[in-house]
Amino acid sequence: MRRKGVTSFCFSPKASSSTHSHHLHSLSFSPSQPSFPETVMDRTLATAEPTIMKWDPQTTTFGRVTSLFHHNRREARDFIQAVNSLQRAMHLLLADNSTSCKLAHAKSLMQIAMKRLEKEFYQILSTNRAHLDPESVSIRSLRTSSTGSSTSDYEEDEDCVRVANEMISEVEDASTLAMEDLRLIAECMVSSGYAKECIKIYKIIRKSIVDEGIYRLGVEKYTSSQIHKMDWQVLESRIQSWRNAVRTAVKTLFNGERILCDHVFASSDSIRESCFTEITKEGAVILFGFPENVAKNSKRSPDKVFRLLDMYTGISDHWLEIDSIFSFQSTITVKSQALTSLIKLGESAHAALNDFESAVLKDSTKSPVLGCGIHHLTTEVMNYLSILADYSNILSDILADSPPPAKHSFPYSYFGFPDSDGSPAPPVSLKMAWLILALLCKLDAKASYYNDASLSYLFLANNLQYVVAKVRTSNLKHLLGDEWLTKHESTVKQFAANYERHGWGDVIDSIPSNLTAADTPEKIKEIFKKFNTSFNQTYKKQSLCVVPHRKLRDDIKASIARKIEPLYREFYSSHRLTMQRARNSISVVRFAPEDVGNHISVMFFGTEE
């Protein structure tokens, strides 16, 4: 019944034909209502098209000669907003009706907008090279340091600070505006599907800036042959340039470029990585590859170790920054190159130290030093080691894996360290102690070239005192420690005592400690003559000697005087009258106690080292 009722209602002959006809007409021929996406597109086109077409360089002279972002930044933001609205409307309509003719019109309008933004992007990058130069990143730290400095007492100085701060502020403002504009354009172009065009412009301009920065820092790519053939003075100059360059490149050039890249392409991690890698990778590899080239191909020599350590310091001091700046997977090559250079520099420095040790042990000079003074090997080795000690932190890294001397061969006490298994000395300390020990062994051999034991001991005392003084007044003191110094200072005193015993023993022994032993004028006369002879001979021989170190000189003279003067003065005072009554007393008593003291006081003078 219901089915029949429905049928009769739809097709009842009683129904008015005109009414039915009107109903069919309204269903079949009334204009269709636009869909919501089409409505959105219509509204978007109505607002976006005038804004975009105003800046079409192909249709308006104004758009061709005027920079949108430079002319009016508010209007530039309206332009970006219009493009973003158009992009959203296109996506909405594409999902609803992909064949709509309005899509083609919108696409054409979008192409015009992208051409405009490409031009703006290029202009901002090109015309703001100074404000977008990576070095400008350091301006903020400069401003912080200038405002934190002490206030000047002079008004003109305050004016200078004010003007400088204003200039810095202007640069900061220009840089900030340019970076914000670039980010706005990049986000718009990337979201609109024009990332390729945006990236191409950015890479070309920014890479030229970074490459120019690398060139102006004096960084060049050298072949291994060029390094090998390069004169050392020229290479040393290149190394110094590299040291200055690596500091600026890491802290300013690469860091500034990373900051800029991260800011402009903040919306896309992959684009940030791609741009930064392509812009900086080539220059960074050249920069961090130079030390490896020098370490592997320069002519090896112990005195070149300091420049190797300088380059090692240049990388290691900035390693945390290098690791942070080149954190992308695609920049692993840069960090790998920096690490390789560190390894090669460490190996080369280690080899240079071994060469130095070998050179010390091979020194073959046999001529005794006049006056038992400081041997040239002593000054050369200690000057070398005192400078080397300034690199103790770096050497700690380089020598960290070096095996210590065999315990059974050389106990730590032999180096001047406590002989303890619990806390062995650091490798860098052992290395320094070992090199000094090598020097002392050579000096011990050279002391044998003197034909007098007293001169040998004075030579050893002088040279060991020089070693101790160098250690005490340099960073060697911190590496070797107080116990090392105490032990070797004690050895200096032993050498001085041995010199005194062998050099002045005859003079001391010529004076009897027991005055009653000289109980006749003949014995008294014999003792005076013996003293005269021994003192005169000893003085002539020893007066040719020098003791450069003031305290050691004074200590030796004081010790000799203490052993001779009191005994001689007492003997002289006791028997002077007896000798005056004898004939030829003047020839017998040749030295008064004051004469002895004066002779000793003027001995051993030399230039203090």
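Calculation rules
- Residues numbered from 1 in each chain as written.
- Predicted model: local features only at pLDDT ≥ 70, side-chain atom pairs only at ≥ 80, totals over all residues.
- Heavy atoms only, no water.
- Helix = DSSP H or I, 4+ residues; strand = E, 2+ residues; numbered from the N terminus.
- Buried < 20%, exposed > 50% of the residue type's maximum accessible area, 1.4 Å probe, protein only.
- Areas by Shrake-Rupley, 256 points an atom, 1.4 Å probe, with all protein chains shown as cover.
- Polar contact = N/O pair within 3.5 Å; in protein donor to acceptor, adjacent residues only side chain to side chain.
- Contact = heavy atoms within 4.5 Å.
- pLDDT = per-residue confidence, 0-100.
- Salt bridge = Lys/Arg side-chain N within 4 Å of Asp/Glu carboxyl O.
- Axes fitted to C-alpha atoms, helices over the stretch in contact; angles between N-to-C directions.
- Parallel < 35°, antiparallel > 145°, perpendicular 65-115°, else oblique.
- Left-handed = near helix turned anticlockwise from the far one by under 90°.
- Nonpolar A, V, L, I, M, F, W, Y, C, P; charged D, E, K, R; others polar.
- Phe/Tyr/Trp six-rings, centres within 6.5 Å; stacked < 30°, edge-to-face > 60°.
- Lys NZ or Arg CZ within 6 Å of the ring centre and 35° of its normal.
- Core = buried A, V, L, I, M, F, W, Y, C linked by side-chain atoms within 4.5 Å.
- 1 Å grid on protein atoms, 1.4 Å probe; cavity = no way out; pocket = protein on both sides within 12 Å on 5 of 7 lines; lining within 4 Å.
- Points joined across faces, edges and corners; volume = space filled by probe spheres on them.
- Expected span 1.5 Å × (residues − 1).
- Disulfide = S-S within 2.5 Å.

1. Re the overall build of the protein
Move 1: For the protein, the count of helices and strands is 27 helices and 0 strands.
Move 2: In the protein, which comprises 609 residues, the proportion classed as buried is 45%.
Move 3: Surface accessibility of the protein: about 32,600 Å² in total, with carbon and sulfur atoms responsible for 53%.

2. Considerations on the side chain of Arg272
Move 1: Assignment of secondary structure puts Arg272 in helix H14 (residues 269-297).
Move 2: Arg272 sits in the buried class, given a relative accessible area of 14%.
Move 3: A polar atom in the side chain of Arg272 sits 2.6 Å from the side chain of Asp269.
Move 4: Setting aside chain neighbours within four positions, we find Arg272 in contact with Arg258, Cys261, Asp262, Phe265, Ala266 and Phe328.

3. Some thoughts on the confidence of the model for the protein
Keep in mind that low pLDDT regions are not for reading the predicted coordinates in detail.
Move 1: The pLDDT averaged across the protein works out to 83; a share of 82% of its residues lies at or above 70.
Move 2: The low-confidence segment residues 140-156 (pLDDT under 50) makes 12 contacts with residues lying over four places distant or belonging to another chain.
Move 3: With pLDDT under 50 throughout, residues 407-413 is counted as low confidence; its partners more than four residues away or in other chains account for 16 contacts.

4. Describing the pattern of salt bridges
Move 1: Going through the model one piece at a time under the given rule, you end up with 29 salt bridges.
Move 2: Its salt-bridge partner being Arg243, residue Asp310 comes within 3.3 Å of it at the nearest N-O pair. Within this pair, whereas Asp310 is found in helix H15 (residues 305-316), its partner Arg243 is found in helix H13 (residues 232-264), the two being separated by 67 residues in sequence.
Move 3: With a relative accessible area of 6%, Asp310 lands in the buried category.
Move 4: Residue Asp269 is joined to Arg272 by a salt bridge in which the shortest nitrogen-to-oxygen separation is 2.6 Å. Placement of both Asp269 and Arg272 in helix H14 is noted, with a separation of 3 residues, approximately one turn of the helix.
Move 5: Classification of Asp269 as exposed rests on a relative accessible area of 52%.
Move 6: Beyond isolated ion pairs, a larger network of salt bridges with shared partners links Glu236, Arg243, Arg307 and Asp310.

5. Comments concerning the packing of helix H21 (residues 427-447) against helix H22 (residues 453-472)
Move 1: Remark: H21 packs on H22, axes separated minimally by 9 Å, with the N-to-C direction vectors making an angle of 160°. On the basis of their axis angle, the class for H21 and H22 is roughly antiparallel. Of the two possible hands of crossing, H21 and H22 adopt the one that is right-handed. Where H21 abuts H22, its residues Ile436, Leu439, Leu440, Leu443, Asp444, Lys446 and Ala447 lie against Ser456, Phe459, Leu460, Asn463, Leu464, Val467 and Val471.
Move 2: When grouped by side-chain class, the residues that make up the contact of H21 with H22 number 10 nonpolar, 2 polar and 2 charged.

6. Remarks on the packing of aromatic side chains
Aromatic rings in a pair are described by how distant their centres are and how their planes are angled relative to each other.
Move 1: Scanning all chains against the criterion turns up 23 aromatic pairs.
Move 2: Ring centres 3.8 Å apart and planes at 10° place the aromatic pair Phe356 and Tyr384 in the stacked group. Here the residue Phe356 occupies a position in helix H17 (residues 332-362), and Tyr384 occupies one in helix H18 (residues 376-388), the gap between them amounting to 28 residues. For the pair Phe356 and Tyr384, a shared accessibility class is recorded, and that class is buried.
Move 3: One aromatic cluster is present, formed by Trp504, Phe528, Phe531, Phe535, Tyr539, Tyr568, Phe571, Tyr572 and Phe591 through successive ring pairs.
Move 4: Lying over the aromatic face of Phe276, Arg258 brings its terminal NZ or CZ to 5.6 Å of the ring centre.

7. Quick look at unusual backbone geometry
Move 1: In the Ramachandran plot, Cys372 falls in the positive-phi region, its phi being about 60° despite a non-glycine side chain.
Move 2: Mapping Cys372 onto the fold places it in the loop between H17 and H18.
Move 3: Residue Cys372 is classed as buried on the basis of its relative accessible area, which comes to 2%.
Move 4: Unusually for a residue other than glycine, Phe604 sits at a positive phi of about 70°.

8. A short note on the environment of Ser513
Move 1: When you line up the elements, Ser513 lands in the loop between helix H23 (476-509) and helix H24 (521-542).
Move 2: Sequence spacing of Ser513 and Tyr568 is 55 residues, and the spatial spacing of their C-alpha atoms is 9.3 Å.

9. Structural notes on the nonpolar core
Move 1: Within the largest apolar cluster, 167 residues are counted, with the highest numbers of intra-cluster contacts made by Phe121 and Leu385.
Move 2: With sequence-adjacent residues up to four places away left out, Leu385 is seen in contact with Phe356, Met432, Leu435, Ile436 and Leu476.

10. A closer look at empty space enclosed by the protein
Move 1: For the structure shown, the criterion picks out 3 cavities of 30 Å³ or more.
Move 2: Broken down by class, the residue content of the lining of the largest cavity amounts to 4 nonpolar, 2 polar and 2 charged.

11. A few points about H24
Move 1: Compared with an ideal rise of 1.5 Å per residue, which puts 22 residues at 32 Å, H24 spans 31 Å between its outermost C-alpha atoms and is within 8% of the ideal.
Move 2: All of the buried residues in H24 are Ile524, Ile527, Phe528, Phe531, Asn532, Ser534, Phe535, Thr538, Tyr539 and Gln542.

12. Here we look at the environment of Ala433
Move 1: Checked against the element boundaries, Ala433 lands in helix H21.
Move 2: Ala433 sits in the buried class, given a relative accessible area of 3%.
Move 3: Residues Ala433 and Leu385 lie 48 residues apart in sequence; the distance between their C-alpha atoms is 10.0 Å.

13. Brief notes about the environment of Asp363
Move 1: Relative to the elements of secondary structure, Asp363 occurs in the loop between H17 and H18.
Move 2: Along the primary structure Asp363 and Lys442 are separated by 79 residues, whereas in three dimensions their C-alpha atoms are 7.9 Å apart.
Move 3: Not counting chain neighbours up to four residues away, the residues in contact with Asp363 comprise His375, His376, Leu377, Lys442 and Lys446.
Move 4: Within polar-contact distance, the side chain of Asp363 engages the side chain of Lys446 at 2.6 Å.

14. Quick word on the state of the cysteines
Move 1: A full pass over the atoms with the stated rule returns 0 disulfides.
Move 2: Not engaged in a disulfide, the cysteine Cys188 finds its nearest cysteine sulfur in Cys198; these two sulfurs lie 9.8 Å apart.
Move 3: The thiol sulfur of Cys198 is not disulfide-bonded, and the nearest other cysteine sulfur, from Cys275, lies at 7.5 Å.

15. Here's the deal with the packing of H13 against H14
Move 1: Contact geometry of H13 with H14 gives a least axis separation of 11 Å together with a crossing angle of 165°. Judged by the angle between their axes, H13 and H14 are roughly antiparallel. In this structure, the crossing between H13 and H14 has a hand that is left-handed.
Move 2: Its residues assigned to classes, the contact of H13 with H14 comprises 18 nonpolar, 2 polar and 5 charged.

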